[in-house]
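Structural characterization, general
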Amino acid sequence: MIIKDYLDLLPAADHDEILALRRDYLKKLQSDKKGVVAHRLPFESVRHLKASCLDFANDVVTIGRREDLSRDEFDLVTKVMRGFMPWRKGPYNIFGIDIDAEWRSCRKWDRVLPFLPDIKDKIVADIGASNGYYMFRMVPHRPQAVIGFEPYLQHYFTFQTLNNFAGCDNLHMEFLGVEHLGRFAAAFDVVFLMGILYHRISPIESLKEVKKSMKRGGVLMVESQAIPGDEPVALFPERRYAKAPGTYFIPTARCLKNWMLRAGFIDVEIFCTHPMSSKEQRQTEWMTFESYTDFIDPQNPSLTVEGYPAPLRVFLKGFAG
Ligand SMILES: C[S@@+](CC[C@H](N)C(=O)[O-])C[C@H]1O[C@@H](n2cnc3c(N)ncnc32)[C@H](O)[C@@H]1O
């Protein structure tokens, strides 16, 4: 298990509680037999392999090249990468293997970049980090540390496998969620909270939890699904939204701004709004389940299959007051 201790960088965090949470999740990881077989053993099977080169500055996160591996090693890595399907975030190239994920996450990163605060030497958190695509993209900006929070085993071990190849010792992943952030008191200079709030039953509680984890004056970058409109309102679907059962409140951009203000953030700015598209989220060879086009009314692309307004994506930036 890779847990290099970055906690020494966080003097105000509740170290005892965080260590207790880690002990709990290590126990959980060890006792989850199905998860061990599906994700941990594959991670361990390629642990000895290291990449000779990295490129995180371009759309495709590139770790290693084909020549770094023998034929057998290449076959093994291919098998392990296929075993981590479905790949939600990307694209990646791993030792020459092109992994076209469901999401072209480079597009989201390109929208964030012009508004990215200076993260050089800063302590950054990425909440709901998935396989770490954005964490890798942060590396060229030279943060002191980036801590991902990701409570799903498949994503967690995908990241551990990729970063074990890459060897970036300023990237760390905790098998924890947004609900644990209160224990990381005044820890982070910059927090990314992207694609999370509409999955939370209590989005304002989540924002308050995030705020506890931030230094005063720290920057919060939020990205979310949203509905169109200028009124400060949120849609609450009866059962599913765009086929997703775990979706609760889908706000307008202005409503989300109000949530952030009410949670204690200041100088909140909406810096980007765009419609979702099947160019950005789609089925690929590495994610063979339904994707965006299956979630949208084929007769009327401005509606979801349930008849709700089709999603926009919105980006906001605010400061911990
Ligand atoms: C819609 S994806 C967004 C991924 C990425 N942040 C992005 O914007 O592309 C939501 C992510 O949050 C993770 N997640 C699930 N429960 C969570 C929780 N309680 N706290 C933080 N993240 C969670 C999921 O496993 C998934 O990787």
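See the structure shown above.
Heads up: these notes are all about the structure in this document. (Residues numbered from 1 in each chain as written. Predicted model: local features only at pLDDT ≥ 70, side-chain atom pairs only at ≥ 80, totals over all residues. Heavy atoms only, no water.)

**So, the environment of R239**
Quick reminder of the rule: Here a helix means four or more residues in a row that DSSP labels H or I, a strand means two or more in a row labelled E, and each is numbered from the N terminus.
In this fold, R239 is placed in the loop between β12 (234-235) and β13 (250-251). In sequence terms R239 and E306 are 67 residues apart; their C-alpha atoms lie 9.3 Å from each other.

**Focus: the packing of helix α2 (residues 33-45) against helix α6 (residues 153-166)**
Test applied: Here, axes are lines fitted to C-alpha atoms. For helices the fit covers the stretch in contact, and angles between N-to-C directions go from 0 to 180 degrees. In these notes the angle categories are as follows: under 35 degrees is roughly parallel, over 145 is roughly antiparallel, 65 to 115 is roughly perpendicular, and the rest is oblique. The contact rule is simple, with two residues in contact once any of their heavy atoms fall within 4.5 Å. Gly is placed with the polar residues, together with every amino acid not listed as nonpolar (Ala, Val, Leu, Ile, Met, Phe, Trp, Tyr, Cys and Pro) or charged (Asp, Glu, Lys and Arg).
Interaxial distance between α2 and α6 falls to 9 Å at its minimum, and their mutual angle equals 10°. It follows that α2 is roughly parallel to α6 by the angle criterion. Each of G35, H39, R40 and F43 in α2 lies in contact with α6, whose residues at this interface are L153, Q154, F157, Q160, T161 and N164. The residue inventory of the contact of α2 with α6, partitioned by class, reads three nonpolar, six polar and one charged.

**With respect to the site of the ligand**
Short version of the rule: For this description, a residue counts as near a given molecule or strand if any of its non-hydrogen atoms is within 4 Å of it. Side-chain atoms alone can form a polar contact between residues adjacent in sequence; in general such a contact is a pair of N or O atoms within 3.5 Å, and within protein one must be able to donate a hydrogen while the other accepts it. Exposure was quantified through the Shrake-Rupley algorithm and a 1.4 Å probe, taking into account, for residues, occlusion by the shown protein chains and nothing else. Points on a 1 Å grid over protein atoms alone make up a cavity when a 1.4 Å probe fits among them but cannot get out, and a pocket when they form an open set with protein on both sides within 12 Å along at least five of seven lines; lining residues each have an atom within 4 Å of a point. A pocket or cavity is taken to hold a molecule when more than half of that molecule's atoms are within 2 Å of the pocket's grid points.
In the region of the ligand, 19 residues are neighbours, and K108, G128, E150, V178 and M194 sit closest. Here an oxygen atom of the ligand sits 2.5 Å away from a polar atom, N or O, in the side chain of K108. Between an oxygen atom of the ligand and a side-chain N or O atom of Y134, the distance comes to 3.3 Å. In isolation the ligand offers 590 Å² of accessible surface; the protein chains occlude 85% of this area. At a threshold of 2 Å from the grid points, most atoms of the ligand map onto the largest pocket. Looking at the shell around the ligand residue by residue, the class counts come to eight nonpolar, six polar and five charged.

**Comments concerning the packing of helix α3 (residues 71-83) against α6**
Running from amino to carboxyl end, α3 crosses α6 at an angle of 150°, the nearest separation of the two axes being 11 Å. Counting all contacts with α3, which are made through V77, V80 and M81, the residues of α6 involved are T161, L162 and F165. A breakdown of the residues in the contact of α3 with α6 according to their chemical character gives five nonpolar, one polar and no charged.

**Looking at the packing of aromatic side chains**
As a reminder of what qualifies: Only rings of Phe, Tyr and Trp enter the pairing, Trp through its six-membered ring, and a pair is recorded when the two centres are within 6.5 Å. The plane angle decides the type: under 30 degrees is stacked, over 60 is edge-to-face, the rest tilted. Think of it in three bands: residues with accessible area under 20% of the maximum for their type are buried, residues over 50% are exposed, and the middle band is partly exposed, with areas taken using a 1.4 Å probe on protein chains only.
One pass over the full model with this rule turns up 22 aromatic pairs. Residues Y92 and F136 carry aromatic rings whose centres are separated by 6.3 Å and whose planes lie at 90° to one another, so their mutual orientation is edge-to-face. Residue Y92 is found in strand β4 (residues 92-94), and its partner F136 is found in helix α5 (residues 133-138); the two are separated by 44 residues along the sequence. When sorted by exposure, Y92 lands in the same class as F136, which is buried.

**Focus on the pattern of salt bridges**
Applicable threshold: A side-chain nitrogen of Lys or Arg and a carboxyl oxygen of Asp or Glu constitute a salt bridge if their distance falls within 4 Å.
Scanning the model with the defined rule gives 17 salt bridges in all. Residue R40 is joined to E44 by a salt bridge in which the shortest nitrogen-to-oxygen separation is 2.9 Å. You can see R40 and its partner E44 sitting in helix α2, four residues apart, about one turn around the helix. Here E44 falls in the partly exposed class, since its relative accessible area comes to 32%. One network of salt bridges, with partners in common, ties together D5, R22 and E174.

**Focus: the sheet that holds strand β9 (residues 171-174)**
Which entries qualify depends on this criterion: Two strands pair if DSSP finds at least two bridges between them.
Pairing is mixed in the open sheet, where seven strands are placed in the order β9-β8-β7-β10-β11-β15-β14. Of all the strands in the sheet, just β9 and β14 (265-275) have a single pairing partner and so form its edges. In this sheet, neighbouring strand axes are inclined to one another by 15° on average, regardless of whether the strands run parallel or antiparallel. Where strand β7 (residues 123-127) and strand β8 (residues 145-149) come together, five bridges link them in parallel fashion. Along β8, the bridge assignment pairs D126 with G148.

**Some details on α6**
The condition that has to hold: For a helix, the expected span equals 1.5 Å multiplied by the number of residues minus one.
Its 14 residues place the ends of α6 20 Å apart at the C-alpha level, agreeing with the 20 Å of an ideal helix rising 1.5 Å per residue. Counting buried positions along α6 gives 14 out of 14 residues, so the element sits mostly inside the fold. Phi turns positive, to about 70°, at G167, one or two residues after α6.

**Description of the sheet that holds β4**
Strands in a sheet are paired, the pairing made by backbone hydrogen bonds, and the direction either parallel or antiparallel. Within the open sheet, the four strands sit side by side as β1-β2-β4-β5. Their pairing is mixed. Looking at strand neighbours, the two that pair on one side only are β1 (54-55) and β5 (97-99), the edges of this open sheet. Across two bridges, β1 lies against strand β2 (residues 61-63) in antiparallel orientation. Note that in β2 the partner of D55 across the bridge is T62. This element, α3, spans β4 and β5 of the sheet and lies at about 10° to β5.

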